[in-house]
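What follows is each chain in one-letter form.
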Amino acid sequence: MPKRKLDPLPSAAFQILLSLAGEDLHGYGIMRQVAVQTDGRMRLGPGTLYSSIQTLLQGKFIEEVGLREDAKLGQERRRYYRLTSAGRKLARTEADRLAGFLRVARARMILRGEYV
Amino acid sequence: MSEKIYALLLRLFPSHFGEAYGDEALQLFRDRTRDEKGFFPRFRLWFDLLADLAISVPREYFYAEPELLAASSQRLGGAPLFYVAGDESPRPGALFLGGMLALAALVTFSSLLSHGGNHRPPSSSARQFQRAAAPPSSPPTRPATQAAGDTNSPGGGGDKTIASTSGQSATPATPFSPAQAKQDNSPSRTLPLRDHSLSDLSSTPQPLDTRGSTQPTQNEAVPAIAAAVQHENLNAAERQRVVDAAIANLKQHYIYPDVAQKMADALLAHAKSGDDDAMTDGKTFAKRLTTQMRDVSHDMHLELVYSEAPLPQRPAEPTPESIARFRKSMEQQNCMFEKVEILPHNIGYLKLNFFPDTSVCQATAIAAMASLNNTDAVIFDLRDNRGGFPDMVALISSYLFDYPEYLYNPREAPTPQSWTPSPVPGNRLADKPAYVLTSAKTISGAEQFSYDLKMLKRATLVGETTTGSAHAGVWHRIDDHFGMGIPEAKAVNPFSKTDWEGVGVEPDVKVNAADALQTAEKLAETKLHKK
């Protein structure tokens, strides 16, 4: 497989990295966590989800941590994913970039009324 | 049934994707159908799936191509090379299904485009940010009289104070009265301007408290000296009048009558012995009398000052217009919050040039602090801060603690308002490193802020030793050129025997004021790095 670009980091990939920052999750867990952390604005479909996961795995930004059951979701064994230190760094870089935009927006008074 | 349909749809993906993730995708589909029941969730599920297919199927194929391109760049001696997309040909069923679904995908895709799509970058973080700005429980409205206590007494450091207060007249005080504006132009002395302009504020129709000592008092009990003293060359009679007036004031107003008597005796003794005879210069004379009083009382808040510009007879009564002017001027100057920004390394920076009355500027202060809520360290730049109202000092300080902390104020005995209104709901700065930038011009309320945070070991002070003016005394006019500050309340300093009166607040890290920001930034970076 060719390596697909993570620069600029697609927002789906960024959200996946963020969702894994707290704990290891399986695919459906990631999807639900992303939905929660974006207030339901982003529901990752299987295609987007797994292609992003694949890309992030290739870049060693996340890793697989084996199969196990999720007690809440029945007997099926699920593959869990974990954020690597490189992934954490990538997420932080992206967050810094977005924070930069926020600063500019504030300086340009786009956020007037909400911030000083 | 629906699972079978989706299983078929999954075949649209390239085979390598199906092999790797087909089962997991189906599992996810089962999870969602189990969790999302009802017409609307089910509709949304299928919409999501189709939209996802429309986007990711073409993308999966698209990303398969660069492999070929990469391979084709390895030319072998100009020989033509041919590559195929895959080593298995698509099944006819898949081709047919693909053809049918391409249409569906196209329709979905175009409808997605026209509706702006679901996949927007999250804006929730910004909203949370805003939520964090929830106002703290409204801090006790501090009566403006206190401000008078803060400011209506002249600076304590004699010459030093006078020097430092001059040139600071571009304060919010200036909008008050034309008389002050006039004094503004006199470069030599602006001390009374500060006093009276702010005592103007003190009588604004805000909730007042009657805690004593705060109204500027005209010394009615003291024999008024009608004749203006020839201020450059004092003669013996004029000196005697000033000494007499000072003694009368001390006896009437000083907190400890016995000490007042001792000071009176000392002043008289010095006058009789001819110690003061050489004093023909008002400024030096005032300084000498201050020293004589302090030698006996060891009270740094006691002072006698000389003003070259005539002192107004009585502080002008504030009119609704002057109050409105003050309010407007505060608004125009953003309540003296000159800069609120986030420096590199997520260090918050607040440049505050005055601690304005919370009845006018509370909202601005809360917004400013909220916008720094998610920073990892905060720098308070008080290098150009000319003091202000203790309630604002308490409000800003409240963000640095998660419990009410006592803020020592030499002007007054502890009241419930001497504790910070902490914790502030939603505040995240209580445990973040804090830095205060000081200069030799940092004065009064700004010195209180610096002193208390230093003594509480809550902030690192970077810069120069501050002016050294606690403004703890109550102002009493003696004549057109002399006046004195007499403390009428005694606050016990929990930290040490002396405060900053006359000596200033020593920084923890001594650097030139101009370099203070850079130094503090470096300190903060190093500290954050260690974490």
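Residues numbered from 1 in each chain as written. Chains lettered and ligands numbered in written order. Predicted model: local features only at pLDDT ≥ 70, side-chain atom pairs only at ≥ 80, totals over all residues.

1. Some words on the overall build of chain B
To keep things clear, this is the line we draw: Secondary structure elements follow DSSP: runs of H or I no shorter than four residues count as helices, runs of E no shorter than two count as strands, and numbering proceeds from the N terminus. Partly exposed residues are those falling between the two cut-offs: more than 12 but fewer than 20 other C-beta atoms within 10 Å of their own, whereas 20 or more means buried and 12 or fewer means exposed, with C-beta atoms placed from the backbone. Here contacts are defined at the residue level, using C-beta atoms placed from the backbone and a cut-off of 7 Å between them.
Across its full length, chain B holds 18 helices and nine strands. For chain B, buried positions account for 46% of its 531 residues. For chain B, restricting intrachain contacts to residue pairs at least 6 apart in sequence, the fraction spanning at least 24 positions comes to 79%.

2. Things to note about the overall build of chain A
Looking only at helices and strands, one finds four helices and three strands in chain A. Order of helices (α) and strands (β) in chain A, N terminus to C terminus: α-β-α-α-β-β-α. For chain A, with 116 residues in total, the buried portion stands at 38%. Taking all contacts inside chain A whose residues are at least 6 apart in sequence as the whole, residues at least 24 apart take part in 50%.

3. Looking at the packing of helix α1 (residues 11-19) of chain A against helix α4 (residues 85-107) of chain A
Residues and elements named next belong to chain A. Definition in use: Here, axes are lines fitted to C-alpha atoms. For helices the fit covers the stretch in contact, and angles between N-to-C directions go from 0 to 180 degrees. Oblique is the label for every angle not falling under 35 degrees (roughly parallel), over 145 degrees (roughly antiparallel), or within 65 to 115 degrees (roughly perpendicular). Should the near helix be turned anticlockwise from the far one by less than a right angle, the crossing is termed left-handed; should it be turned clockwise, right-handed. Side-chain classes follow a simple rule in which Ala, Val, Leu, Ile, Met, Phe, Trp, Tyr, Cys and Pro form the nonpolar group, Asp, Glu, Lys and Arg form the charged group, and the remainder, Gly included, forms the polar group.
It is at 10 Å that the axes of α1 and α4 come closest, and there the two elements cross at 120°. On the basis of the axis angle, α1 is oblique to α4. Seen along the crossing, α1 lies across α4 with a hand that is left-handed. Along the contact surface, α1 presents Phe 14, Leu 17 and Leu 18, while α4 presents Gly 87, Leu 90, Ala 91 and Glu 94. Residues that form the contact of α1 with α4 fall into these classes: five nonpolar, one polar and one charged.

4. Side note on unusual backbone geometry
Residues and elements named next belong to chain B. Here the residue pair Ser 422 and Pro 423 is connected by a cis peptide bond, since its omega of -5° sits within 30 degrees of zero. Summarising the element assignment, Pro 423 is placed in the loop between α16 (390-398) and β5 (434-438). Look at His 298: it is not a glycine, yet its phi comes out positive at around 50°. Here His 298 lies in the loop between α13 (282-297) and β1 (303-306).

5. Structural notes on the environment of Ser 307 of chain B
Tracing the sequence through the fold places Ser 307 of chain B in the loop between β1 and α14 (320-332). Taking C-alpha positions, Ser 307 of chain B is 7.7 Å from Lys 283 of chain B, a pair spaced 24 residues apart along the chain.

6. Concerning the nonpolar core
Across soluble globular proteins, nonpolar side chains have a tendency to be buried as a group. We count it as follows: By definition, a nonpolar core groups buried Ala, Val, Leu, Ile, Met, Phe, Trp, Tyr and Cys residues that are joined through C-beta atoms within 7 Å.
The biggest cluster of nonpolar side chains holds 55 residues, and the ones touching the most others in it are Leu 350, Ala 365, Ile 379, Phe 380, Tyr 435 and Leu 437 of chain B. Ranked by residue count, the leading element in this core is helix α15 (residues 358-371) of chain B, at seven residues. Beyond its immediate chain neighbours, meaning those up to four positions away, Ala 365 of chain B contacts Cys 335, Met 392, Leu 395 and Ile 396 of chain B. Counting 43 residues, the second-largest nonpolar core is a separate cluster that includes Leu 18, Ile 30, Met 42 and Leu 56 of chain A.

7. Describing the sheet that holds strand β2 (residues 62-69) of chain A
Residue and element names in this part refer to chain A. Note the threshold: Two strands make a pair as long as DSSP finds a minimum of two bridges between them.
Here we have three strands laid out as an open sheet, ordered β1-β3-β2, and antiparallel in their pairing. Since the sheet does not close on itself, it has two edges, and those belong to β1 (25-26) and β2, each with one partner. As paired elements, β2 and strand β3 (residues 77-83) share six bridges and run antiparallel to each other. By the bridge assignment, Glu 69 is partnered in β3 with Arg 77.

8. Quick word on the sheet that holds strand β7 (residues 474-477) of chain B
All names here are of chain B. Spatially, β1-β8-β7 is the arrangement adopted by the three strands of the open sheet, whose pairing is antiparallel. Sheet topology places β1 and β7 at the edges, where each strand pairs with a single neighbour. Between one strand axis and the next, the sheet turns by 25° as a mean value, whatever way the strands run. Two strands pair when backbone bridges link them, and β1 and strand β8 (residues 482-486) are joined in this way by four bridges, in the antiparallel orientation. By the bridge assignment, Leu 304 is partnered in β8 with Met 484. Contacting β1, β7 and β8, helix α11 (residues 236-253) runs over the sheet at an angle of about 25° to β8.

9. A few points about helix α12 (residues 257-273) of chain B
Residues and elements named next belong to chain B. Condition: Helices are assigned an expected span. That span is 1.5 Å times one less than the residue count. Arc definition: it is the arc formed by the directions from the helix axis to the C-beta atoms.
Taking 1.5 Å per residue, 17 residues should reach 24 Å; α12 reaches 24 Å between its end C-alpha atoms and fits that length. Among the residues of α12, Ala 260, Met 263, Ala 264, Leu 267 and Ala 271 are the ones counted as buried. Projected down its long axis, α12 shows its buried positions confined to an angular sector of 105°, all on one face. Residues of α12 that are exposed and angled more than 90 degrees away from the buried face: Asp 258, Asp 265, Ala 269, Lys 272 and Ser 273. As for α12, its buried residues are in contact with α11 and α13. Directly after α12, the chain includes Gly 274, whose backbone phi takes a positive value near 85°.

10. Examining the packing of α1 of chain A against helix α3 (residues 46-58) of chain A
Residue and element names in this part refer to chain A. Following both chains from N to C, one finds α1 and α3 inclined at 75°, their axes separated by 10 Å at the closest point. If you check the angle between α1 and α3, you find them roughly perpendicular. Contacts from Ala 12, Ala 13 and Ile 16 in α1 reach Thr 48, Ser 52, Ile 53, Thr 55 and Leu 56 in α3. Considering only residue class, the contact of α1 with α3 consists of five nonpolar, three polar and no charged.

11. Observations regarding the environment of Val 243 of chain B
Residue and element names in this part refer to chain B. With respect to the element layout, Val 243 can be found in helix α11. The exposure class of Val 243 is buried, given the 21 C-beta atoms found within 10 Å. Once the C-alpha coordinates of Val 243 and Ile 478 are considered, the two residues, 235 residues apart in sequence, prove to be 9.8 Å apart. The residues contacting Val 243, other than those within four sequence positions of it, are Leu 267 and Ala 271.

12. Concerning the confidence of the model for chain B
Residue and element names in this part refer to chain B. Going by this rule: The quantity known as pLDDT measures the predictor's confidence residue by residue, on a range of 0 to 100.
Summing up the model confidence of chain B, the mean pLDDT is 75 and the portion of residues at 70 or higher is 72%. Confidence drops under a pLDDT of 50 for residues 66-78, and excluding neighbours within four residues, the segment shows eight contacts in the predicted structure. Overall, residues 121-231 carries pLDDT values under 50, and its contacts beyond four positions in sequence, including any with other chains, amount to 260 contacts.

13. Examining the environment of Gln 448 of chain B
Tracing the backbone through its elements, the reader meets Gln 448 of chain B in helix α17 (residues 445-455). Along the sequence, Gln 448 of chain B and Tyr 408 of chain B sit 40 residues apart, while their C-alpha atoms lie 7.6 Å from each other.

14. Details of the pairing of β8 of chain B
All names here are of chain B. Judged by how many residues are buried, β8 sits mostly within the fold: five of five residues are covered. Inspection of the sheet shows β7 paired to β8 by four bridges, in the antiparallel sense. Bridged to His 476 within β8 is Met 484. Taking the residues that link successive antiparallel strands as the turn, the β7-β8 hairpin has four residues.

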